[in-house]
Each structure stands twice: as structure tokens, then as C-alpha cells.
Amino acid sequence: MGAPTIAAVRDAIARGETTAVTACTEALDRIAARNPELNAFLAVERERALERAASLDRLPPEAHGPLHGVPIAVKDNICTRGVVTTAASKMLAGYVPPYDATVVERLEKAGAVIVGKTNLDEFAMGSSTEHSAFGPVRNPWNADATPGGSSGGSAAAVAAGLVPAALGSDTGGSIRQPAAFCGVVGLKPTYGRVSRYGLIAFASSLDQIGPFTQTVADAALLLGVLAGADDRDATSAAQPVDDYLGALTGDLSTLRVGVPRALLEEGVAPEVLQAFEAGLQALKARGAQIVDVPLPHARYAIPVYYLVATAEASSNLARYDGVRYGYRTPDARSLKSMYLRTRDEGFGAEVKRRIMLGTYVLSSGYYDAYYLKAQQVRTLIRRDYEQAFETVDLVAMPTTPTPAFRLGEKTDDPLQMYLADVFTVSANLSGLPAISVPCGRAPDGLPIGFQFIGRPFDEATVLKAADGLERELGKS
Amino acid sequence: MSESLTREEVERIAALAHLELTPDEIETFRRQLGDILGYARQVQAVDTADVPPTSHVLAGLPRDREDALRPSLDRDVALSQAPDAAQAAGLFRVPRVIG
């Protein structure tokens, strides 16, 4: 839809053809024009962004960072100092964080201008952005379709060309699924590749922050800025950060890509299968070798994910008690009733459902049968990938079993909503890097995503393959 | 293959989770949690003899940082987001605990 890429904005500023203030003003104007219909942004920081852009314009060229003057949007579950951060929950309406997330510090240090905070499913729990306390987001390609979720605001903002890039978070597919539904690139890095400090926690063993962009090259550029160890997140990894842009050679001739054929036999829409096969042909045309891989336990990924993620969520969300921050019920007369009513009034239905499910599977009598069992099957899912990566460099599958579904289609049946995450959750359970890259369209025009999953900390190969696919598909 | 939950079980879980649910919510969650648990029960059929549980996917141990003094949030700042703070006393205020 015609917005500039990160590289285009930065280069135009470097050549003196535009300024950070102009690039920022243009982004803010596009947001003002389209957001009333899309509801992608919960907050737009016009004055703050323009002040920051003006200060960037005063810097000498040698002080320009890799994102100099680039307007970027940030999902509203990532803390921004002095800027309201709600996680799309009534529980945190009006909450102003006293600190920046590490990723926000890194973006700003690289010269980015944060223009606003994007809409999401409440506390990142959902696959459609319909569970936001502040109204659903619309898919830019079809106003009756969801943008996916939970990072639906970030995906829609990039797809509609409002900003060149946005940050999201991915716990079970919350970057890759909306990227697929909206026709943009979405990258979930390896667990530990990017600091989670300042990310409002949902499921701490699965959550990871990553970028939405229009091109794979922009995703590589952003990951280079975001990645690296952080003293404030003990789970962030010390592994060296590769030259991701340098990995994008377009040559896939040494690449072995595994396809879990058995997993695709049921429940995948014909237009998705057709686009996926066309993607595999494009990889072959670039020299990649395609082989079958068995992932025998991947069919259990959905139940394992919803048992593990809800258990962690029930623990993480215990902190919202109406005492230190956020919402408090107006008229409770005892401490106990204040807790209970604050939580009932502050949380939406999906969040309560997951807290209930997580509390149930952790409770005495059910722990072994559900939670412990799920953790053991999680081990088997990880081992399947370890075995696959002995013979292949990447695993490929569709990002989602269908293109974007309609608003309201799955809201009354939570289990149907959960089943839509079938291809994305196993990368989170295994901690692996994964990307969704646009790969064709359904007959009605809705985008379709192609997913690569890689070895731990091998984002370079994931990005290289996605870039090769993007180049090959772009030729036709 | 839905798991059948009673209203009492749902109320017990809600109490553990510190949620005061309305009667309608209790009925909805009774049905929906039953459906979801019924679906999730398929993991119980997997042979996991001698399989250790995965609770995290870190390649090694979590990182240690140097145990050095560093600035933390000022008390005023920490209190600034509280729904009811006694700023001057430096306290969070809550409803009466003892009758």
C-alpha cells in the first residue's frame, strides 16, 4: 500500500531528500487518516515524536544510527517511559510506566522515532485482536476480516503503510500469524535473542519480542538493533549477534529445507496449500533442496501450548491486585473483596478464561495429569525438531491453516480460535526462531504466509531463506 | 469428549485465582473450560515414560550479573501509579484488613 521501507526512509534522509521531521509528519498524517477505520493505534504520540525527530535532524551525519529518523510503532504491552501502556486491558488503562523496555532504548539509540502504541488482544491473549478492551482492529485488506493477533495493531499498521516497521511480541504465534493475515514480514527470534525487560509478561518461558516489516531486509536490519544480551533479563543470551543483513545473499543452493507433510494432511485450506507448494517451487528455483521431515509430536502442540501458557499466565497475572498500579474497584470494603472485584472488573473474558484454565491445571489433583504431562510432551516436541535439524537447515510450513477469518467468526468458541495456532506454537514451545513471509494470496485477495523455523540462534539462515523466497516471488 | 466440570469446581478455581465471577460467568466457564480440557486431555495418551519435563528452553544457565549497587526507582515514582497512595507517608493504602 505504498509506504516507504526502513531502508528507503533512512537513505532519503542521508541524501538530504527528506528530514526526520518530514518523515515523522508523513507517518503521523497517514495514521490520522486511516486509524479511525483500522483502530490499529491505541495512542499516537504526535508532539513527543515530532520533538524527537527535530532533535535527530540537529545531529551531524556521523552521529546517525542505523534507524536514523525512521518512524516505528510499538505494541502496547511493551513499556514506554512516560507514555501510557495498557496491554489493551481495562486493568492498566492510564498506566504510565516509569521505565523503558530494553527494546525501546535500543530502537531510540539507533535513531528510531516511536510514533505510537499499537492495539492487541488484552495481555496478548488471543489470535484476532478482538479481545482488546479498546475495540477490534480491522484487516487493511478487508474490513470484515480480523488482522490476526495478538499483535494485530502492529501488523495492520505496517500492512496499511502507516509506519515502515513495528514491534510485536510472540508467545504462540502473535507476530507470525498477524503478519500472515496482513501480508507483511513477521519475525519471532530465538528465545533469549532479544531482551524481555519491560515486556508485560504473559507466559515467560514462551514470550519473545520481534519486528514487523515490509521486507525481509528490514527485518534483518531491525533484529540487528534489537538482539543481544541484557543484564536486566537473566534469560537473554550471550550468543554473539550475527551480521543478518550480510546473510541475505539470495543464494539458497546449499540449503536443505524440511517439510512435515503428515502435519499438512488435514485441516489446511486448499488456497493455503497451493500457495505453500508455489513457495516450495520458488525455493527450489533458488537452489534449495526440499525433503520430508517427520515431526510426530507436532500434532500435540496446541494442547501442550494451552496447558503451559495458561499455567504461566495465571501466575504472571497474579500481580494485578489493585494495590501498586492499574485499576481498583471503586467501593470494596475489605481487602479481600477489593482483590476479587478488582480482578473481575479489570480483566476481560479471555484473560479470565486463561487464568481459570491455568489455575485449574496447576491445582492439586490435576497438576500431574495436565501440567506435568504437557511439559513432558513439550520435551518430545523439542526433540522432534532437534532430530529434524540433524538433516535439514530449516523446517517450512504454512504460517496458518487458513487466510484471515472474519470478525466475530470465532469469538463464541474459544477452542476453535485456539486451533488456528496449529503451525505457530511449536516454535515457541521449542524456543526456535521463526519467520512468516508473504507468499501469494487467496482468490478473495487476502494474503497468505509462508513460515520458516530454524535452529536456535540461527536467525541468519531463517532470514536468508525468507529473503530468497521474497526475491523469487517478487520476480513474477 | 468434553470434560464435565461442576459449578462448585469452577467456583473453587475462581477463589484460588482471586476472581469473583458472576453466575453467568460461572456457567459459561464451566462449559468452555470443559470443552478445552476435554480437547487437551489427548496429551494423556502420549507415552512419556522416562521423559523429563521442559520448564524452560534456555541453552545454558540464566545469566548472572555483577552483584553491584545501582539506582532503583525512587519511592515517589514507585507510588505514582498506585490507585490509592499515601505519598507523604510513602505507603500504598488498601481497604481495612482487620475488622
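Sequence order as written defines the numbering, with residues in each chain counted from 1. Here the convention is simple: chains get letters from A, ligands get numbers from 1, in the order in which they are written. Note on the predicted model: pLDDT of at least 70 is required for a residue's local features to be given, and 80 or more for side-chain atom pairs to be given and counted; whole-chain, interface and lining totals, by contrast, use all residues.

A.B. asks: With reference to specific residues and values, describe the overall build of chain A.
C.D. replies: A count of helices and strands for chain A gives 15 helices and eleven strands. Throughout, the radius of gyration refers to the C-alpha atoms, and the reference size of a globule is 2.2 Å times the residue count to the power 0.38. Taking 2.2 N^0.38 as the reference for a compact globule, 476 residues should give roughly 23 Å; the C-alpha atoms of chain A span a radius of gyration of 21 Å, in line with that estimate. C-alpha extents for chain A along the principal axes are approximately 65 × 55 × 45 Å. For every residue, the other C-beta atoms within 10 Å of its own C-beta are counted; 20 or more classify it as buried, 12 or fewer as exposed, and values in between as partly exposed. C-beta atoms are placed from the backbone. Burial statistics for chain A: of 476 residues in total, 63% are counted as buried. Comment: elements are numbered from the N terminus, with helices defined as DSSP H or I runs of at least four residues and strands as E runs of at least two.

A.B. asks: So, the overall build of chain B: which residues are in play, and what are the values?
C.D. replies: What chain B contains, in helices and strands, is three helices and two strands. The secondary structure elements of chain B, listed N-terminal to C-terminal, are α-α-α-β-β. A compact globule built from 99 residues should have a C-alpha radius of gyration of about 13 Å, whereas chain B, at 23 Å, is more than 25% larger. Based on the C-alpha atoms only, the size of chain B along its principal axes is roughly 60 × 45 × 20 Å. Residues classed as buried in chain B amount to 15% of the 99 residues present. A separation threshold of at least 6 residues defines the contact pool for chain B, and within that pool the share at least 24 residues apart is 39%. Contacts are defined on C-beta atoms placed from the backbone: any two residues whose C-beta positions lie within 7 Å are in contact.

A.B. asks: Can you break down helix 7 (residues 216-226) of chain A residue by residue, with the values?
C.D. replies: Residue and element names in this part refer to chain A. Among the eleven residues in helix 7, ten count as buried, and that is most of the element. Within helix 7 the residues assigned to the buried category are V216, A217, D218, A219, A220, L221, L222, L223, V225 and L226. Looking one or two places after helix 7, you find G228, whose phi comes out positive at around 135°.

A.B. asks: So what's going on with the interface of chain B and chain A? Residues and values would help.
C.D. replies: Contacts between the two partners involve 43 residues from chain B, matched on the other side by 59 residues from chain A. Counting only elements with at least two residues in the side of chain B that touches chain A, the list comes to helix 1 (7-16) and helix 2 (23-40) of chain B. Residue contributions to the side of chain B that touches chain A peak at seven residues, all from helix 2 of chain B. Taken together, the residues that form the side of chain B that touches chain A break down as 28 nonpolar, nine polar and six charged. The residue classification treats Ala, Val, Leu, Ile, Met, Phe, Trp, Tyr, Cys and Pro as nonpolar and Asp, Glu, Lys and Arg as charged. All others, Gly included, are polar.

A.B. asks: Lay out the environment of A:P147 with the relevant residues and their values.
C.D. replies: Residues and elements named next belong to chain A. Within the secondary structure, P147 sits in the loop between strand 3 (113-118) and helix 5 (152-159). Classification of P147 as buried rests on a count of 34 C-beta atoms within 10 Å. Separated by 258 residues in sequence, P147 and F405 place their C-alpha atoms 8.5 Å apart.

A.B. asks: Give me the lowdown on the sheet that holds strand 4 (residues 165-169) of chain A, citing residues and values where you can.
C.D. replies: All names here are of chain A. The strand order across the open sheet built from eleven strands is 1-3-2-4-6-5-10-11-9-7-8, with neighbouring strands paired in mixed fashion. Edge positions in the sheet fall to strand 1 (41-44) and strand 8 (289-292), since each has one partner strand and no second. Adjacent strand axes in the sheet meet at a mean angle of 30°, parallel and antiparallel pairs treated alike. Strands pair, by our definition, only if DSSP identifies at least two bridges between them. Pairing between strand 7 (residues 256-259) and strand 9 (residues 394-398): two bridges, direction parallel. Bridged to V257 within strand 9 is L394. Packing of helix 5 onto the sheet brings it into contact with strand 1, strand 2 (71-75), strand 3, strand 4, strand 5 (185-188) and strand 6 (209-213), and relative to strand 4 it is tilted by some 160°. The strands that helix 8 (residues 270-285) touches are strand 7, strand 8, strand 9, strand 10 (434-441) and strand 11 (447-454); relative to strand 11, the one it contacts most, it runs at about 55°. To obtain an axis, a line is fitted to C-alpha atoms, over the contacting stretch when the element is a helix, and the angle between two such axes runs from 0 to 180 degrees between their N-to-C directions.

A.B. asks: Quick one: what's the story with the pairing of strand 8 of chain A, residue by residue and with numbers?
C.D. replies: Residue and element names in this part refer to chain A. Here strand 7 pairs with strand 8 via four bridges, running parallel. Bridged to V257 within strand 8 is I290. The crossover handedness rule: strands pointing away from the viewer, path from first strand over the helix to second strand clockwise, crossover right-handed. Read from strand 7 through helix 8 to strand 8, the crossover connection turns out right-handed.

A.B. asks: If you had to explain the packing of helix 9 (residues 301-316) of chain A against helix 2 of chain B to someone new, which residues and values would you point to?
C.D. replies: In contact at an axis separation of 9 Å, helix 9 of chain A and helix 2 of chain B are set at 125° when each is read in the N-to-C sense. Classified by the interaxial angle, the pair formed by helix 9 of chain A and helix 2 of chain B is oblique. Viewed along their axes, helix 9 of chain A and helix 2 of chain B form a crossing whose handedness is left-handed. Judged by residue contacts, A:P303, A:Y306 and A:L307 of helix 9 of chain A engage B:I36, B:Y39 and B:A40 from helix 2 of chain B. Within the contact of helix 9 of chain A with helix 2 of chain B, the residues separate by chemical class into six nonpolar, no polar and no charged. When an angle is under 35 degrees it counts as roughly parallel; over 145 it counts as roughly antiparallel; between 65 and 115 it counts as roughly perpendicular; any other value is oblique. Handedness of a crossing follows from how the near helix is turned relative to the far one, being left-handed for an anticlockwise turn of less than a right angle and right-handed for a clockwise one.

A.B. asks: Please set out the packing of helix 7 of chain A against helix 15 (residues 459-475) of chain A residue by residue, giving values where relevant.
C.D. replies: All names here are of chain A. Running from N to C, helix 7 and helix 15 cross one another at 160°; their axes reach a closest spacing of 9 Å. Classified by the angle between their axes, helix 7 and helix 15 sit roughly antiparallel to one another. Relative to helix 15, the crossing made by helix 7 is left-handed. The residues of helix 15 that touch helix 7, namely those facing V216, A217, A219, A220 and L223, are E459, L463, A466, D467 and E470. Of the residues that constitute the contact of helix 7 with helix 15, the class distribution is seven nonpolar, no polar and three charged.

A.B. asks: How would you explain the environment of A:L432 if you had to name every residue and give the values?
C.D. replies: By secondary structure assignment, the location of A:L432 is in the loop between helix 14 (425-430) and strand 10. Separated by 14 residues in sequence, A:L432 and A:L446 have C-alpha atoms that sit 27 Å apart.

A.B. asks: Tell me about the nonpolar core, and name the residues and values.
C.D. replies: Residues and elements named next belong to chain A. Counting residues in each nonpolar core, the largest one holds 174 residues, and the members touching the most others are I72, V113, V115 and V304. It is helix 9 that contributes the most residues to this core, ten residues altogether. In this view, V115 contacts C24, A27, L28, I31, V44, E45, A49, P71, I72, A73 and V163; residues no more than four positions away in its chain are not counted. By definition, a nonpolar core groups buried Ala, Val, Leu, Ile, Met, Phe, Trp, Tyr and Cys residues that connect through C-beta atoms lying within 7 Å of each other.

A.B. asks: Give me the lowdown on unusual backbone geometry, citing residues and values where you can.
C.D. replies: Residues and elements named next belong to chain A. For the bond running from G149 to S150, omega is 10°, close enough to zero to count as cis. With respect to the secondary-structure elements, S150 resides in the loop between strand 3 and helix 5. Even without glycine at this site, A88 takes up a positive phi of about 55°. A positive phi angle, close to 65°, is found at F457, a residue other than glycine. By secondary structure assignment, the location of F457 is in the loop between strand 11 and helix 15.

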